[in-house]
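Breakdown of the fold
Spelled out from the first residue to the last, the chains are:
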Amino acid sequence: MRVTWTGGRLTFRLDPEDEITGRASDEHPVKLATNTCSVGGVPDDAHPDLFAVAAWTIVAPWTRRRVTFDRAISAGLARALHDGWGIEAGPVGAEPRPAGRTLAISYSGGADSVAAAAMHPDAPFVHFKRVPHPRVPNRWTHYRSDVLAKLAERTGRELTTVTSDLEFTLAEPRPGYPEHHAVAAGALLLADRMDLGGLAFGYELGSRWLGGDRYLLRYTPDNPMWAPHGAWGRLFAAAGVHIVLPVGGVSEAVTMRVALNSDLKDHVRWCLRGTDGPCRTCEKCLYKELIQAAVERRPLDTPITPDRPVARKWLRPPPYGGQEMVEYALARIPGIERTLFAKALDHFEATEESTSWLDHCYPPALDEIPQPWREEAAAFVGEHVGLMTGDEARRVETWGAEPDEEARSTR
Ligand SMILES: [Zn+2]
């Protein structure tokens, strides 16, 4: 792979052994659409390691053996690419970038990133805004990146909005980040200007420790995307921008509760479709309503009926993505047996007691937060959430490992 940055424009050329089909770090298959993209609103004189990491978030799935950058990188960064991916990277020759002092938040406006923001009230925001790609038609016009950017502006927090068409480099499964970390491409290029030493993401307990998101149901202490000692954690650290997961130890029930109790509650928006508010009819709205109803201990409020396509997956047996939250919600929502989740209920015997571990913070997640920001996060957790007991922490560590009878029910 040959990578060239011209200002904020990235062009990459595949080597003969590279392929346009690949897998992201979470094993999800992806297919390349085009080999150029831009990142706007960033300086063009960032440290070469920052350009390299930003490019790697986009080209990693297609690269098989080597990556050649247009400017020399540090030996430490080349080593992180080699150790993490088995890739030869060069040319080598730059001094390493020292870590900065500031923690910024990669801010999407969703409940998880709002909760991360609440834990670090002085941290500036970097918001990624999707813009059209000049060479790829946008078949995803319902995605309202303009609405999300406006909501981010209204938070009153120091905000830098980065614009990018990098998601259109992906043909399949749909436009999106080639690697989850591509959302940070702009923040990386801003790291020198903002003196960044850390970038906080709103990945919560499920994504960090329970193999959530695109994986299902297994304890993942060595999560390659988000563990500090994983390939990506080491790569970011080599560029002096640590990956920080303020809410990595808490469930989506906790992030929802924290977000709805925060100063930013009027700006929370997880739906990418609605303009005046969440659309209430998409898959994500349904899942978040499930969690919110559980947190607020009220009946489910959704216009979605069981015959709708988005309801279909809940009529099938588990496993489900975010299964820990499904169990949590089924155990708490009054009248859930009269909703489209009635069928799912047949597969679980979750109770409030058996799911109460999801109300507390998994302590090792706080230990992973780099020292400059750990105390602030731990103080917030101490005041607003509370730590898991040893027994509760074992629920995390045995997630997905045990037979059904013991694992997630109290028969
Ligand atoms: Zn929606």
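Residues numbered from 1 in each chain as written. Predicted model: local features only at pLDDT ≥ 70, side-chain atom pairs only at ≥ 80, totals over all residues.

Under the annotation held in an unreviewed UniProt entry, the protein carries the name 7-cyano-7-deazaguanine synthase (Queuosine biosynthesis) and is attributed to Nonomuraea pusilla.

1. A look at the overall build of the protein
A count of helical and extended segments in the protein gives 16 helices and 13 strands. The C-alpha atoms of the protein give a radius of gyration of 21 Å, which matches the 22 Å a tight globule of 411 residues would have. Reported as C-alpha extents along the three principal axes, the dimensions of the protein are approximately 60 × 45 × 45 Å. When burial is assessed residue by residue, the protein has 49% of its 411 residues classed as buried. Sequence-distant contacts, at least 24 apart, represent 72% of the contacts inside the protein between residues at least 6 apart. (Helix = DSSP H or I, 4+ residues; strand = E, 2+ residues; numbered from the N terminus. Rg over C-alpha atoms; globule rule 2.2 N^0.38 Å. Buried ≥ 20, exposed ≤ 12 C-beta atoms within 10 Å, placed from the backbone. Contact = placed C-beta atoms within 7 Å.)

2. What to know about the confidence of the model for the protein
Summing up the model confidence of the protein, the mean pLDDT is 94 and the portion of residues at 70 or higher is 96%. Across residues 405–411, confidence stays below pLDDT 50; counting only partners more than four residues off in sequence or on other chains, it has 14 contacts. (pLDDT = per-residue confidence, 0-100.)

3. Focus: the packing of helix 3 (residues 111–119) against helix 9 (residues 252–260)
Packing of helix 3 against helix 9 brings their axes to within 8 Å, and their N-to-C directions diverge by 65°. Between helix 3 and helix 9 the crossing geometry is left-handed. Contacts between helix 3 and helix 9 involve Ala111, Asp112, Val114, Ala115 and Ala118 from the former and Glu252, Thr255, Met256, Val258 and Ala259 from the latter. Residue composition of the contact of helix 3 with helix 9, by class: seven nonpolar, one polar and two charged. (Axes fitted to C-alpha atoms, helices over the stretch in contact; angles between N-to-C directions. Left-handed = near helix turned anticlockwise from the far one by under 90°. Nonpolar A, V, L, I, M, F, W, Y, C, P; charged D, E, K, R; others polar.)

4. A closer look at the pairing of strand 10 (residues 159–164)
Where strand 5 (residues 36–40) and strand 10 come together, two bridges link them in antiparallel fashion. Bridge pairing links Gly40 to Thr163 in strand 10. Both strand 9 (residues 125–130) and strand 10 contribute to a ladder of six bridges, which runs parallel. Across the sheet, residue Phe128 finds its bridge partner in strand 10, namely Val162. In this fold, the crossover linking strand 9 to strand 10 by way of helix 4 (residues 145–153) has right-handed handedness. (Pairing = 2+ DSSP bridges. Right-handed = clockwise from strand over helix to strand, strands pointing away.)

5. Some details on the environment of Thr161
Inspection of the secondary structure puts Thr161 in strand 10. In this structure Thr161 comes out as partly exposed when scored by C-beta crowding, with 18 C-beta atoms within 10 Å. Separated by 36 residues in the primary sequence, Thr161 and Gly197 have C-alpha atoms spaced 19 Å apart. Among residues more than four places away in sequence, those in contact with Thr161 are Gly41, His127, Lys129, Ala149 and Ala152.

6. Brief notes about the pairing of strand 8 (residues 102–106)
For a regular strand, the rule is simple: side chains alternate between the two faces of the sheet. Where burial is concerned, most of strand 8 is hidden: four out of the five residues are buried. Sheet analysis places strand 8 next to strand 12 (residues 196–200), joined by four bridges and oriented parallel. Note on strand 12: the bridge partner recorded for Ala104 is Leu199. Two strands pair when backbone bridges link them, and strand 8 and strand 9 are joined in this way by two bridges, in the parallel orientation. Of the residues in strand 9, the one forming a bridge with Ile105 is Phe125.

7. Brief notes about the nonpolar core
Most often, soluble globular proteins keep nonpolar side chains buried together rather than apart. By size, the foremost hydrophobic cluster in this structure holds 133 residues, and its most contacted members are Ala55, Val59, Ala104, Leu188, Leu199 and Ala329. At nine residues, the largest contribution of residues to this core is made by helix 1 (residues 48–59). (Core = buried A, V, L, I, M, F, W, Y, C linked by C-beta atoms within 7 Å.)

8. Some details on the sheet that holds strand 4 (residues 29–32)
Strands sit in the order 3-4-11 across an open sheet of three strands; the sheet is antiparallel. Single-partner strands in this sheet number two, and they are strand 3 (21–23) and strand 11 (170–172). The average undirected angle you get between the axes of adjacent strands in this sheet is 45°. Sheet topology places strand 4 next to strand 11; two bridges connect them, and they run antiparallel. Note on strand 11: the bridge partner recorded for Leu32 is Leu170.

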